[in-house]
Amino acid sequence: MVNARRFTGLATVVGLGGLVALGCAETPIAGPATPAGPRAAADDSDLWNLTPSNADALADVDLAALRASAWSRSLTASGFSGDRDQSRRLFGYDLFAEGERMLAVGTETAGAPRTLTIVRGKFDPARIGAAFLAATPGAKVGRWRDSPLWEGGGRAVALVTPRTLAQGEPDAVRGAIDAAWGIVPDARSGALGTLRRTLDADHNVPAVFVVLSLTEGMRRRAAGTVDLPPGLTSAAARLDLGDDLNLDLLAVLGSGSDATAAAATWTLALRALGQQPMLALLGLRPILDGLSLGAEGARVHGHLRIPAERREGLADKLLAVLQMVAGASR
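Residues numbered from 1 in each chain as written. Predicted model: local features only at pLDDT ≥ 70, side-chain atom pairs only at ≥ 80, totals over all residues. Heavy atoms only, no water.

Novice: How do you make sense of the nonpolar core when you look at a structure like this?
Specialist: Proteins that are soluble and globular tend to have nonpolar side chains buried together. Tyr93, Leu165, Ala251 and Val300 are the most contacted members of the largest nonpolar core, which has 48 residues in total. Judged by nonpolar contacts, the second largest core, of 30 residues, contains Leu58, Ile118, Ala172 and Val211. (Core = buried A, V, L, I, M, F, W, Y, C linked by side-chain atoms within 4.5 Å. Buried < 20%, exposed > 50% of the residue type's maximum accessible area, 1.4 Å probe, protein only.)

Novice: Mind showing me how you'd approach the pairing of strand β5 (residues 147–152) here?
Specialist: One face of the sheet, then the other: side chains in a regular strand alternate in exactly this way. As paired elements, strand β4 (residues 140–144) and β5 share five bridges and run antiparallel to each other. When the bridges of β5 are listed, arginine 143 appears paired with proline 148. Taken together, β4 and the strand that follows it, β5, pair antiparallel across an intervening segment of two residues, in which arginine 145 is found at a positive phi of about 60°. The hairpin turn running from β5 into strand β6 (residues 155–161), its antiparallel successor, is two residues long, and glycine 153 in that turn takes a positive phi close to 60°. (Pairing = 2+ DSSP bridges. Helix = DSSP H or I, 4+ residues; strand = E, 2+ residues; numbered from the N terminus.)

Novice: Looking at this model, I keep getting lost on the pattern of salt bridges. Mind explaining?
Specialist: Any two side chains of opposite charge can pair, on the condition that their charged atoms come close. By the definition in use, this model includes 15 salt bridges. The salt bridge involving glutamate 169 is made with arginine 114; its shortest N-O contact spans 2.6 Å. Placement of the pair is glutamate 169 in the loop between β7 (164–168) and α7 (170–180) and arginine 114 in strand β3 (residues 112–121), with a sequence separation of 55 residues. Note that glutamate 151 and arginine 174 form a salt bridge whose closest N and O atoms lie 2.6 Å from each other. In this pair, glutamate 151 sits in strand β5 while arginine 174 sits in helix α7, placing the two residues 23 residues apart along the sequence. Sharing partners across several salt bridges, the network here consists of Arg39, Asp43, Asp186 and Arg188. (Salt bridge = Lys/Arg side-chain N within 4 Å of Asp/Glu carboxyl O.)

Novice: Which parts of the structure should I look at to understand the sheet that holds strand β10 (residues 245–253)?
Specialist: Consider a sheet: its strands pair through backbone hydrogen bonds, and that pairing is either parallel or antiparallel. Strand order in the open sheet formed by 12 strands is β4-β5-β6-β7-β3-β2-β1-β8-β9-β10-β12-β11, with antiparallel pairing between adjacent strands. Sheet topology places β4 and β11 (291–296) at the edges, where each strand pairs with a single neighbour. Neighbour-to-neighbour, the strand axes of this sheet turn through a mean angle of 15°, independent of strand direction. With eight bridges connecting them, β10 and strand β12 (residues 299–306) associate as antiparallel partners. Opposite leucine 247, over in β12, you have leucine 304 as the bridge partner. (Axes fitted to C-alpha atoms, helices over the stretch in contact; angles between N-to-C directions.)

Novice: Help me understand the environment of glutamate 309, please; the structure alone is not making it clear to me.
Specialist: Within the secondary structure, glutamate 309 sits in the loop between β12 and α12 (314–328). Spatially, the C-alpha atoms of glutamate 309 and aspartate 244 are 8.4 Å apart, while their sequence positions differ by 65 residues.

Novice: Honestly, unusual backbone geometry in this entry has me stumped. Any pointers?
Specialist: Most peptide bonds adopt trans geometry, and most residues besides glycine take a negative phi value. Positive phi outside glycine occurs at arginine 145, with the angle close to 60°. With respect to the helices and strands, arginine 145 occurs in the loop between β4 and β5. Exposure remark for arginine 145: the relative accessible area of 38% places this residue in the partly exposed category. One non-glycine residue, aspartate 200, lies in positive phi territory at about 55°. Examined against the element boundaries, aspartate 200 turns out to sit in the loop between α8 (191–198) and β8 (208–213).

Novice: Teacher, can you tell me more about the environment of asparagine 246 here?
Specialist: Following the sequence through the fold, asparagine 246 ends up in strand β10. As a C-alpha pair, asparagine 246 and arginine 305 span 59 residues in sequence and 4.6 Å in three-dimensional space. In this structure, asparagine 246 is in contact with Arg238, Leu239, Asp240, His303, Leu304 and Arg305, ignoring residues within four places of it in sequence. Looking at asparagine 246, its side chain comes within polar contact range of the side chain of histidine 303, at 3.0 Å. (Contact = heavy atoms within 4.5 Å. Polar contact = N/O pair within 3.5 Å; in protein donor to acceptor, adjacent residues only side chain to side chain.)

Novice: How should I be thinking about the packing of aromatic side chains in this particular structure?
Specialist: To describe a pair of aromatic rings, one takes the distance between the centres and the angle between the planes. Counted by the stated rule, this structure contains three aromatic pairs. Ring centres of tryptophan 48 and phenylalanine 209 lie 6.3 Å apart, and the angle between their planes is 40°; this geometry places the pair in the tilted category. Taken together, the residues tryptophan 48 in the loop between α1 (2–20) and β1 (57–61) and phenylalanine 209 in strand β8 connect sequence positions 161 residues apart. The two residues tryptophan 48 and phenylalanine 209 agree in class, both being buried. Between tyrosine 93 and phenylalanine 123, the ring centres sit 5.2 Å apart and the planes meet at 80°, which makes this aromatic pair edge-to-face. With tyrosine 93 in the loop between α4 (84–91) and α5 (95–98) and phenylalanine 123 in the loop between β3 and α6 (125–135), the pair connects residues that are 30 residues apart, well separated along the chain. Phenylalanine 123 matches tyrosine 93 in its accessibility class, with the two residues each being buried. In this structure an aromatic cluster arises from ring pairing among Phe91, Tyr93 and Phe123. (Phe/Tyr/Trp six-rings, centres within 6.5 Å; stacked < 30°, edge-to-face > 60°.)

Structure representation (structure tokens):
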């Protein structure tokens, strides 16, 4: 979906930055969660309840936290791409004003990516339905379980509960409703949920959490753009916004030698990044001073801290970068 895809520019920056910004103590990776089983109603208390277990990538964004933080307030106020009125017309809501939390979910199906967007917030069902019907000739109105569903043109939107909607391909939207009811396993019981618990993102919820299990399709699409280590199997990054900004990442590789090689590669990449003229022009080079990187076992850990005294102007610079990312994705 247009507004969610552009918003995930922030998640992209966090994820790509995390693949370079990797260093914290070794901790055991928690095992899979036990599926809850069928429920009496849809449960959106945790938006991961709506994410089917076959998801390969997920960006979990606390929109309310981003609006409240001095680090990111200007990013959400602008809507990144400046087309908030258009988003209201197309989708019937303003993600940045009415959304409280968002999940952008990616799944590989037959080697092709599929996307699902889940948003919790304050919604007017009449506006949601009217916007969808106006933008989708021949769309139909129906229900899936207890949820109103609008479908047409190969896409769908549903109010899983009055405060939570799902939008994407019709099968994915129905799958989100089924997961909310506990009829199919959700992402907490899979590999992404394991990494979520490892970085304590299920209890100590960050402003942004990005996690992925690397697929062959991802490798093919990254070829020629991002040099991914051959042993990389999964990665997760969390962004916390207090007085200071903190970014933590965990990358899981196939062996200790893979992790050592990846850490060395990323260290060289960081050095090269620090020499980029554009980084100096934007005044971002000192940020790298707060970065630590290290390999332990088959994992690479990283931590980046930006103190509050370096905050002024940084959000505006990131906004400029994200607007370029949003423009390139149109």
